[in-house]
Amino acid sequence: MADDARVESEGFYEMLWDCPHCETKGLFGKTQRHCPECGAPQDASTRYFPTPDQQKLVVGHVYEGADASCPACTAPQSARAKNCTQCGSPMDGSQQVREAIDRSVAAAQAGARTVAAQHRRRRWPIFAAVSAVVVALGVAIWFLFIRTHHGEVTITGHRWARTIAIEQFGDQHHEAWRDAVPASASFPTCFRKQRTTRQVPDGEECHSERKDKKDGTFEQVRKCTPKTRSEGIDDDWCSYTLREWAKISEEKASGAGLAPAWPAVTLAVDTPATFGARRQGHRGETLTLDFGPDDACDVPDAIWRKYADGARAKVDLRARSGGVVCDSL
Ligand SMILES: [Zn+2]
Ligand SMILES: [Zn+2]
């Protein structure tokens, strides 16, 4: 139950009791302190809740506290009684009557909510176990795959690969939310669709609980907690075109050795931006050091040129696979 629950009294109602002497049933806990059939005093320890549709409101009830059991004859007496109305015994040293537990369907549902909350509190050992497994798994991964030691490798070869993008100036299709469409976009066409959600108030979730006040009555309280629901927020999703350079293909060259070359491209870099024009675009380069047939590292130019073929390099090696840790070059 959330802390922001709204609690509201729905009034005080009669608890019930059954006469143990003459079998009269359903007597009122507050207004019938004696059995109207045989005169036997009420036994407060046998009070019970009526079914919800049979309960009787105690109009104008003033709650004075839980009844006390007479120390001499056990008859329930008002909290303010100084002497027992049944046997006349002083009420000194008397004890409160036992509280009855509501076993109706509604109470079972309210109880289920409490049990669910307790289960949430009991989840922490599961959380601890899951954490332990995650840590163990992390250690295992480190031991098998991340752990390294120092070693040496022989550089067996240098390789290179270079690319030049080919770009064309034309109308490129894009989609975006309206607030992200550039001002230079042509012909945006938009439609409404859900962009995000927000939580909005959606009334309350309420249930009633019955609490034995131990004076022959129970109080029914209504507990309500605010509910929310998810509401979609729409925005304009737009298709538009931009006249701009865009990559349409790529020229590639690759080889071995220390003399990389660019692929042959006749297009100019500074081609004027007219519709359908093509130009050279972005240039890319990958430089690779080989350590035998099965191991290699892509490295920056300075490191690639630092080692000659056949040179030895001090590196970190993976403890399990023996692979070179490229960052250690
Ligand atoms: Zn009776
Ligand atoms: Zn008494």
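Parameters at a glance
- Residue positions are given per chain, counted from 1 along the sequence in the order it is written.
- Ligands are numbered from 1 and chains lettered from A, in the order in which they are written.
- Totals for whole chains, interfaces and linings use all residues, but because this is a predicted model, local features are given only for residues with pLDDT of at least 70 and pairs of side-chain atoms are given and counted only at 80 or more.
- In this description a helix means any DSSP run of H or I spanning at least four residues, a strand means any run of E spanning at least two, and both kinds are numbered starting from the N terminus.
- The globule rule used here is 2.2 Å times the number of residues to the 0.38 power, and the radius of gyration it is set against is calculated over C-alpha atoms.
- Three classes are used. A residue is buried when 20 or more other C-beta atoms lie within 10 Å of its own, exposed when 12 or fewer do, and partly exposed in between, with C-beta atoms placed from the backbone.
- This entry defines residue contacts through backbone-placed C-beta atoms, with two residues in contact when those atoms are within 7 Å.
- As annotated, the domain borders come from an automatic or database domain assignment.
- Gly is placed with the polar residues, together with every amino acid not listed as nonpolar (Ala, Val, Leu, Ile, Met, Phe, Trp, Tyr, Cys and Pro) or charged (Asp, Glu, Lys and Arg).
- Nonpolar cores are built from buried Ala, Val, Leu, Ile, Met, Phe, Trp, Tyr and Cys residues. These are joined into a set through C-beta atoms within 7 Å.
- To estimate the expected span of a helix, subtract one from its residue number and multiply by 1.5 Å.

Novice: Would you mind going over the overall build of the chain with me for this structure?
Specialist: Per the secondary structure count, the chain includes 3 helices and 13 strands. Taking 329 residues into account, the globule formula puts the C-alpha radius of gyration at 20 Å, and the chain, at 42 Å, lies well above it. With the C-alpha coordinates of the chain rotated into their principal frame, the extents come out at 115 × 60 × 30 Å. Looking at the chain as a whole, 15% of its 329 residues qualify as buried. Taking contacts inside the chain between residues at least 6 apart in sequence as the whole, the part at least 24 apart equals 67%.

Novice: Just to check I follow, could you spell out the domain arrangement of the chain for this structure?
Specialist: Interface size is commonly expressed as the accessible area that is lost once the parts come together. Along its sequence, the chain is carved into domain 1 (1-100), domain 2 (114-146) and domain 3 (157-328). The C-alpha-based centres of domain 1 and domain 3 are spaced at 72 Å. Listed by partner, the interface residues are 29 residues for domain 1 and 17 residues for domain 3. Per element, the largest residue contribution to the side of domain 1 that touches domain 3 is 9 residues, and it comes from strand E1 (residues 6-14). Split by residue class, the side of domain 1 that touches domain 3 holds 14 nonpolar, 6 polar and 9 charged.

Novice: What should I look at first to understand the nonpolar core in this one?
Specialist: Soluble globular proteins tend to pack their nonpolar side chains together in the buried interior. One finds Phe 12, Tyr 13, Met 15, Leu 16, Trp 17, Cys 19, Leu 27, Phe 49, Val 58, Ala 100 and Phe 218 forming the largest nonpolar core, which totals 11 residues. For this core, the elements supplying multiple residues, two or more each, are E1 and strand E2 (16-17). Among all residues touching Leu 16, those that are not within four sequence positions of it are Gly 26, Leu 27, Phe 28, Gly 29, Arg 47, Tyr 48 and Pro 50. Residues Val 153, Leu 287, Phe 291 and Val 324 belong to the second largest nonpolar core, which totals 8 residues.

Novice: It is not clear to me how helix H1 (residues 105-121) should be interpreted in this structure. Could you clarify?
Specialist: Since the α-helix packs 3.6 residues into each turn, any two residues three or four apart lie on the same face. Counted at 1.5 Å a residue, the expected span for H1 with its 17 residues is 24 Å, and the 25 Å between its end C-alpha atoms agrees. In terms of residue burial, H1 counts as a barely covered element, since only 0 of its 17 residues are buried.

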